[in-house]
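Summary of structural features
Here is what each chain is made of, one letter per residue.
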Amino acid sequence: MFTNDQARHASTMSLSILVTVEMFNAMNSLSENESLLRLPLWKNKFLVAAITLSMVLHVAILYIPFLTVSGFVLNKLFASLMTGWQSLFAIAPLDWIEWKAVLLLSVPVVLIDEVLKLLTVRPRHMFLYTTVYLTLAIF
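Residues numbered from 1 in each chain as written. Predicted model: local features only at pLDDT ≥ 70, side-chain atom pairs only at ≥ 80, totals over all residues. Heavy atoms only, no water.

1. Regarding the overall build of the chain
The following threshold applies: Secondary structure is summarised from DSSP: a helix means a run of H or I of at least four residues, a strand means a run of E of at least two, and numbering begins at the N terminus for each. Relative accessibility under 20% of the residue-type maximum defines a buried residue, over 50% an exposed one, and the middle range a partly exposed one, all with a 1.4 Å probe and only protein chains included. Contacts are assigned to residue pairs that have any heavy atoms within 4.5 Å of one another. Only the protein chains shown count as cover for residues, and the accessible areas themselves come from Shrake-Rupley with a 1.4 Å probe.
Summing up its helical and strand segments, the chain has six helices and two strands in all. Secondary structure elements in the chain, listed N-terminal to C-terminal, are α-α-β-β-α-α-α-α. For the chain, with 139 residues in total, the buried portion stands at 28%. Across the chain, the fraction of contacts at a sequence separation of at least 24, relative to all contacts at a separation of at least 6, is 65%. Roughly 9800 Å² of accessible area belongs to the chain as shown, and the carbon and sulfur atoms make up 71% of that amount.

This is the structure:
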């Protein structure tokens, strides 16, 4: 499907941005109107566990080629799935600079949602809220 390493890195960055944005959206969905500053994430331990598990699985897909213990494969089927993931998804491990770019492109989701929550709580800013919401919906 992909012929060069740059295409694999682009595909991996896209997948990582998508996963990270969805994890930030999950954090934002803690409350429709309350800010994350007022309603902390750790209040919902199941959500924290789900976000952690999702990120651990994503990192596993990127970085663990196979799982072994003292040279013996734990489970041949699971090990073959782990080695096949990088070729199946056409992904490549990301370096630290690429991870910083992923986070930089994903964090605005939290900021945008916090601004929309702020404008929703204060009805006097309804015109501004509608304008911001419609502008974001267009893009």
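2. Focus on the packing of helix 1 (residues 5-28) against helix 4 (residues 96-106)
Threshold: Here the axes come from fitting lines to C-alpha atoms, over the contacting stretch only for helices, and the angles between their N-to-C directions go from 0 to 180 degrees. Here roughly perpendicular refers to angles of 65 to 115 degrees, roughly parallel to angles under 35, roughly antiparallel to angles over 145, and oblique to all remaining angles. Handedness of a crossing follows from how the near helix is turned relative to the far one, being left-handed for an anticlockwise turn of less than a right angle and right-handed for a clockwise one. In the scheme used here, Gly and all other residues not listed as nonpolar or charged are polar, with Ala, Val, Leu, Ile, Met, Phe, Trp, Tyr, Cys and Pro taken as nonpolar and Asp, Glu, Lys and Arg as charged.
Following both chains from N to C, one finds helix 1 and helix 4 inclined at 45°, their axes separated by 9 Å at the closest point. Judged on the interaxial angle alone, helix 4 and helix 1 are oblique. Helix 4 is crossed by helix 1, and the crossing has right-handed handedness. In this structure, helix 1 uses His9, Met13, Ser16, Ile17, Thr20, Val21 and Phe24 to contact helix 4, whose residues at the interface are Glu98, Trp99, Ala101, Val102, Leu103, Leu105 and Ser106. Class assignment of the residues belonging to the contact of helix 1 with helix 4 gives a composition of nine nonpolar, four polar and one charged.

3. Re the environment of Asp95
Here is the rule we go by: Polar contact is the term for a pair of N or O atoms within 3.5 Å; when the atoms are in protein, one must be able to donate a hydrogen and the other to accept it, and sequence-neighboring residues count only if both atoms are side-chain atoms.
Structurally, Asp95 is set in the loop between helix 3 (76-88) and helix 4. A relative accessible area of 41% places Asp95 in the partly exposed class. Placed 86 residues apart in sequence, Asp95 and His9 show a C-alpha to C-alpha distance of 9.8 Å. For Asp95, the side chain forms a polar contact with the main-chain nitrogen of Glu98, separated by 2.9 Å.

4. Remarks on the side chain of Ser106
Within the secondary structure, Ser106 sits in helix 4. On the basis of relative accessibility, which here comes to 0%, the residue Ser106 falls in the buried class. Of the polar contacts made by the side chain of Ser106, one reaches the backbone oxygen of Val102; its length is 2.7 Å.

5. Quick look at helix 4
The cut-off we apply is this: The directions from the helix axis to the C-beta atoms are what the arc is built from.
The complete set of buried residues in helix 4 reads Glu98, Trp99, Val102 and Ser106. Viewed along the axis of helix 4, the buried residues span an arc of 100°, placing them on a single side of the element. Across from the buried face of helix 4, at angles greater than 90 degrees, the exposed residues are Trp96, Ile97 and Leu104.

6. Some details on the confidence of the model for the chain
Quick note on the threshold: On a scale of 0 to 100, pLDDT captures the predictor's confidence in every residue.
Looking at the chain, pLDDT values average 76 and 66% of them are 70 or higher. Taken element by element, the predicted model of the chain shows its lowest mean pLDDT in strand 1 (residues 68-69) (33) and its highest in helix 4 (94).

7. Here's the deal with the environment of Ala90
Summarising the element assignment, Ala90 is placed in the loop between helix 3 and helix 4. Along the primary structure Ala90 and His9 are separated by 81 residues, whereas in three dimensions their C-alpha atoms are 8.7 Å apart.

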